[in-house]
Amino acid sequence: MAFSARRLETMNKKTLVSPDLDFKPSNSNTRIIRPGKRNESAQNPRPGDAIGSLGLTSERLRLRMVDRVRSKGVSDETVMGALAAVERHLFVDEGLASRAYEDAALPIGHSQTISQPWVVAHMLATVNDAEPKPRKVLEVGTGCGYQAAVMSKVFPQVYSIERVRALYDTTKERLRRMGYRTQLLFGDGMLGWSTHAPFDAIVVAAAGLSIPQVLLEQLAVGGRLIAPQGQAVQHLIMVTRVSPNQWERQTLDAVRFVPLKPGVQG
Ligand code: SAH
């Protein structure tokens, strides 16, 4: 493997203020140590309620969020268009909808989080920066389905795997109801999805200590995988499959994700 390191200090410095959540600052997708009771209903958002009752225009807020992400250096306009189109407030609990357009991770129940918009945009722009453009893309860690929804506006074929049964069930229904074209699987994403491999790109939304070799094998030659790696200290790693037996690895930004876990829950 060839290594070329590029480290950028672009962590989100925003501290989340929430009395019943033990959030750490600088999170991209942070584990919630003590989820509050209200998170239990994260799977059943009532579309638009909080946004509506606060008198906020979600589109205006979303465009402002997109500008913030752009100012942090993401320039892929297809990805930015997708970020502008997906209604992030419909993927979080009603009580958090008013915060949906902050560039921050938020709880979605089951000790998991919806990824920070910047990190979603950055990961998708990184794998999309290839010729030919990726068409068939795998996500590991569907969560609430936000990133899968954004991906479906960038790539023609989106596959996504989730290991928590309850999240899988709710998200499958949510994405279907909202009309997003995605193929979802309840299972261990560390094993990939062999029936649909090879993938032109793979995006991993949870941090492991290493990148599973199976995923690297399910990448098409010329394809890119992006994944957070590490525990207390994590970085995004981009791996390009340059030939059937050769992968090149680059270390990118410092990030903070929930852990990649083997097996399934529920
Ligand atoms: N993509 C989501 C991020 C969800 S957080 C978004 O758009 O916001 C990361 C998700 O990865 C969690 O839902 C967690 O349950 C899931 N996960 C962790 N390990 C996994 C594995 N081995 N296979 C599939 N999903 C996994």
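*Asks:* What should I look at first to understand the packing of aromatic side chains in this one?
*Replies:* Centre distance and the angle of the planes are the two values used to describe a pair of aromatic rings. The full count for this structure, using the stated rule, is five aromatic pairs. Ring centres of F91 and Y180 lie 6.5 Å apart, and the angle between their planes is 45°; this geometry places the pair in the tilted category. In this pair, F91 is assigned in the loop between α3 (77-85) and β2 (106-109) and Y180 in the loop between α6 (165-178) and β6 (183-186), connecting sequence segments 89 residues apart. Judged by its relative accessible area of 14%, Y180 is buried. Seen from their ring centres, Y159 and F199 are 5.8 Å apart, and the 65° between their planes marks the pair as edge-to-face. With Y159 in strand β5 (residues 157-162) and F199 in strand β7 (residues 199-204), this residue pair connects regions lying 40 residues apart in the sequence.

*Asks:* Quick question: what am I supposed to make of the confidence of the model for the protein here?
*Replies:* When pLDDT is low, close inspection of the predicted coordinates is not appropriate. Counting all residues, the mean pLDDT for the protein is 85, and 79% of those residues have values of 70 or more. Considering only residues more than four positions removed or in separate chains, one finds that residues 1-26, a stretch of pLDDT under 50, has 68 contacts. Below pLDDT 50 for its whole length, residues 31-48 participates in 47 contacts with residues either more than four positions away or in separate chains.

*Asks:* What am I meant to see in the packing of helix α2 (residues 58-71) against α3 here?
*Replies:* How two helices sit against one another is set out by the angle between their axes and by the gap between those axes. Interhelical geometry of α2 versus α3 gives an angle of 150° and a closest axis separation of 8 Å. It follows that α2 is roughly antiparallel to α3 by the angle criterion. With respect to the hand of their crossing, α2 and α3 are arranged in right-handed fashion. Contact residues: α2 offers R62, L63, M65, V66, V69 and R70, while α3 offers E77, M80, L83, A84 and A85. When its residues are assigned to classes, the contact of α2 with α3 shows eight nonpolar, no polar and three charged.

*Asks:* Got a minute to help me understand the nonpolar core in this structure?
*Replies:* The nonpolar side chains of a soluble globular protein tend to be buried with one another. Judged by nonpolar contacts, the single largest core of 53 residues is most densely connected at L83, F91 and Y146. Looking at this core, the element that brings in the most residues is helix α4 (residues 117-128), giving eight residues. With sequence-adjacent residues up to four places away left out, F91 is seen in contact with V86, I108, I114, C144, G145, Y146, A149, R174, L175, M178 and Y180. Listed in part, the 20 residues of the second largest apolar core include Y159, F199, L215 and L219.

*Asks:* Looking at this structure, how should I read empty space enclosed by the protein?
*Replies:* The probe, sized like a water molecule, is rolled over the atoms to show the empty space still left. Tallying each qualifying case throughout the model produces four cavities of 30 Å³ or more. Together, 29 residues line the largest cavity, and Q112, G141, E162, A205 and A206 are the ones closest to its centre. Those elements that provide at least two residues to the lining of the largest cavity are β3 (112-114), β4 (136-140), α5 (146-152) and β5. The leading source of residues in the lining of the largest cavity is β3, at three residues. Here the lining of the largest cavity is composed, by residue class, of 14 nonpolar, ten polar and five charged.

What counts as what
- Residues numbered from 1 in each chain as written.
- Predicted model: local features only at pLDDT ≥ 70, side-chain atom pairs only at ≥ 80, totals over all residues.
- Heavy atoms only, no water.
- Phe/Tyr/Trp six-rings, centres within 6.5 Å; stacked < 30°, edge-to-face > 60°.
- Helix = DSSP H or I, 4+ residues; strand = E, 2+ residues; numbered from the N terminus.
- Buried < 20%, exposed > 50% of the residue type's maximum accessible area, 1.4 Å probe, protein only.
- pLDDT = per-residue confidence, 0-100.
- Contact = heavy atoms within 4.5 Å.
- Axes fitted to C-alpha atoms, helices over the stretch in contact; angles between N-to-C directions.
- Parallel < 35°, antiparallel > 145°, perpendicular 65-115°, else oblique.
- Left-handed = near helix turned anticlockwise from the far one by under 90°.
- Nonpolar A, V, L, I, M, F, W, Y, C, P; charged D, E, K, R; others polar.
- Core = buried A, V, L, I, M, F, W, Y, C linked by side-chain atoms within 4.5 Å.
- 1 Å grid on protein atoms, 1.4 Å probe; cavity = no way out; pocket = protein on both sides within 12 Å on 5 of 7 lines; lining within 4 Å.
- Points joined across faces, edges and corners; volume = space filled by probe spheres on them.

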